[in-house]
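# Secondary and tertiary structure notes
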Amino acid sequence: MSTDTPIIISDLPPDKSVLQRILLLFPFLDEHEIILEISGPLGEDVKTCLNIIQQLGIHVLLSKSSIVLSKVHNLKKDSELVLNCRNSATCARLLLGLLCGAKIRAIIYGDESLSSRPMERVLQPLKHIGGKFEYLEKHGCLPIRVIPSDLQSAEITLSIPSAQVKSTVLFAAFAGNISVSIQGKIQSRDHTERLFWFLHLNLIHSMQSLEYLPDKKPKVPAKMIIPGDISSAAFLIITTLLIGKKKLLLDNVGVNNSRTTYLNILKNMNANLDWKIEESKDCPEAIGKISAQKSILLPITISNDQIPMCIDELPVLSLAAAASNGESIFEEVSELRVKESDRMQGIYEVLQNFGKKVSIEKDNIVITGIIIGMNKRHCNLMIIEYL
């Protein structure tokens, strides 16, 4: 097997977790224009955010390599906005915080799938700081009306690790010009924290708490670089590890250490996989390169404290487990059930349909892998099923 000429990919879709936060925050900043440099195609969630910020007074100019945002008018508070978040839970939840903080009356709704997903987990802390909302149909779900109210500085304790809950509260505090202290289980993806620090906002971080103080105005650069999406890279990486004939090189990828957990898990499964950071002053995130080659994988137990850091990559890790030689356990992954689809059941059905030994035991997924039988056709068909 020759790996002399690697496959090089440098145009992954931009990281939607990073880009959505920047897009939604921009209407609430004083800056009038910003250029966002991208290197790949936009996903549907990002397109949803672009549609929404145009309703919030932003002109959007798209090209293959950039998104230029220009402010047409300031946020209007004299009428009720109706905002369609389609299938993007991140968009809906972050908007709830921003609109609540900015005292903007709005109705937020989405498609049938999004309307079945839980929103109470983000509304509870927002209500704690003074936010007011009205469920228009089913309790705990979209559509939701945001009712303008005065927010109050407070301390909030998170009982479950959730980047979206944490981010929603921070966005509300920023838009509402209040201080907030977030305690408890704050160890989750940290894109919002990195964005706040990049904008020179006063966010104090420790192992057990985050404290935002509204005593600094954001310093917004003329341009920002958006890294390639490390989650989009996952299926390319697993395909290479299982059936690749050439070395894979991915360039301009976000390698934020709260997103590389799945790479570390694969390394612990004996994957021939490496990455390195190439810092950029124009990006709030770490950017780097990832290389991968075909490997013989070992089984793994993914502990419940690792799950929040690799929740979106568990389908890929299930393929790795199915191709290893032994029993792998994914602990306490019930959060997969409240994604845009029941991913826990999806993992079970895909693996079972392709003859892999898999079971759901309470909130755990148990996969008994076998190296023999993971051929190219099998691998490709299983990936297509997940996509």
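The structure contained in this document is the topic of the report that follows. Within any chain, residue numbers begin from 1 and follow the written order of that chain's sequence. Per-residue local features are limited, in this predicted model, to residues with pLDDT of at least 70; the limit for side-chain atom pairs, both in listing and counting, is 80 or more; totals at the level of whole chains, interfaces and linings are taken over all residues. Only heavy atoms go into the side-chain values, all of them from the structure, while hydrogens and water stay out.

## Examining empty space enclosed by the protein
A pocket here means an open set of points on a 1 Å grid, computed over the protein atoms alone, that has protein on both sides within 12 Å along at least five of seven lines. A cavity is instead a set of points where a 1.4 Å probe fits but cannot get out; residues with an atom within 4 Å of a point line either one. Grid points are joined across faces, edges and corners, and a volume is the space filled by probe spheres set on the points. In the structure shown here, the tally under the stated rule is one cavity of 30 Å³ or more. In terms of lining residues, the largest cavity is bounded by I22, L25, F26, L29, I34, L195, L199, V220 and M224. Residues are grouped as follows: Ala, Val, Leu, Ile, Met, Phe, Trp, Tyr, Cys and Pro are nonpolar; Asp, Glu, Lys and Arg are charged; every other residue, Gly included, is polar. Residues that form the lining of the largest cavity fall into these classes: nine nonpolar, no polar and no charged.

## Brief notes about the nonpolar core
Ranked by internal contacts, the top residues of the largest apolar core, which has 75 residues, are L36, L69, L95 and L96. With nine residues, helix 3 (residues 89–101) is the largest single contributor of residues to this core. When sequence neighbours within four positions are dropped, the list of residues in contact with L36 reads L19, I22, L23, S65, S66, I67, L69, M224 and I226. Residues A233, I238, L314 and I365 belong to the second largest nonpolar core, which totals 48 residues. Only buried residues count toward a nonpolar core. Its members are Ala, Val, Leu, Ile, Met, Phe, Trp, Tyr and Cys residues joined through side-chain atoms within 4.5 Å. With a 1.4 Å probe rolled over the protein chains alone, any residue whose accessible area is under 20% of its type maximum counts as buried; one over 50% counts as exposed, and the rest are partly exposed. In this description a helix means any DSSP run of H or I spanning at least four residues, a strand means any run of E spanning at least two, and both kinds are numbered starting from the N terminus. Throughout, a contact is declared for two residues whenever any of their heavy atoms are within 4.5 Å.

## A look at the environment of G288
Structurally, G288 can be placed in strand 16 (residues 287–293). Not counting chain neighbours up to four residues away, the residues in contact with G288 comprise L250, D251, N252, V253, V255, K276, I277 and E278.

## Digging into the packing of helix 4 (residues 120–128) against helix 5 (residues 163–176)
At a minimum axis distance of 9 Å, the contact between helix 4 and helix 5 shows a crossing angle of 35 degrees. The two elements helix 4 and helix 5 cross, and the hand of that crossing is right-handed. In contact with R121, V122, P125 and L126 of helix 4, helix 5 contributes Q164, V165, T168, V169 and A172. Grouping the constituent residues of the contact of helix 4 with helix 5 by class yields six nonpolar, two polar and one charged. All axes here are fitted lines through C-alpha atoms, helices being fitted over the stretch that makes contact, and every angle between N-to-C directions spans 0 to 180 degrees. Here is the rule for handedness: rotate from the far helix to the near one, and if that takes an anticlockwise turn smaller than a right angle the crossing is left-handed, while a clockwise turn gives right-handed.

## A word on the sheet that holds strand 13 (residues 223–225)
The four strands are arranged 3-4-2-13 in an open sheet whose pairing can be described as mixed. If you trace the sheet from one side to the other, it starts and ends with strand 3 (58–62) and strand 13, each paired once. Neighbour-to-neighbour, the strand axes of the sheet open up by a mean angle of 20 degrees, direction not taken into account. Those strands touched by helix 1 (residues 16–25) are strand 2 (33–37), strand 4 (66–71) and strand 13, and its axis lies near 170 degrees from that of strand 2. Pairing between two strands is assigned when DSSP locates at least 2 bridges connecting them.

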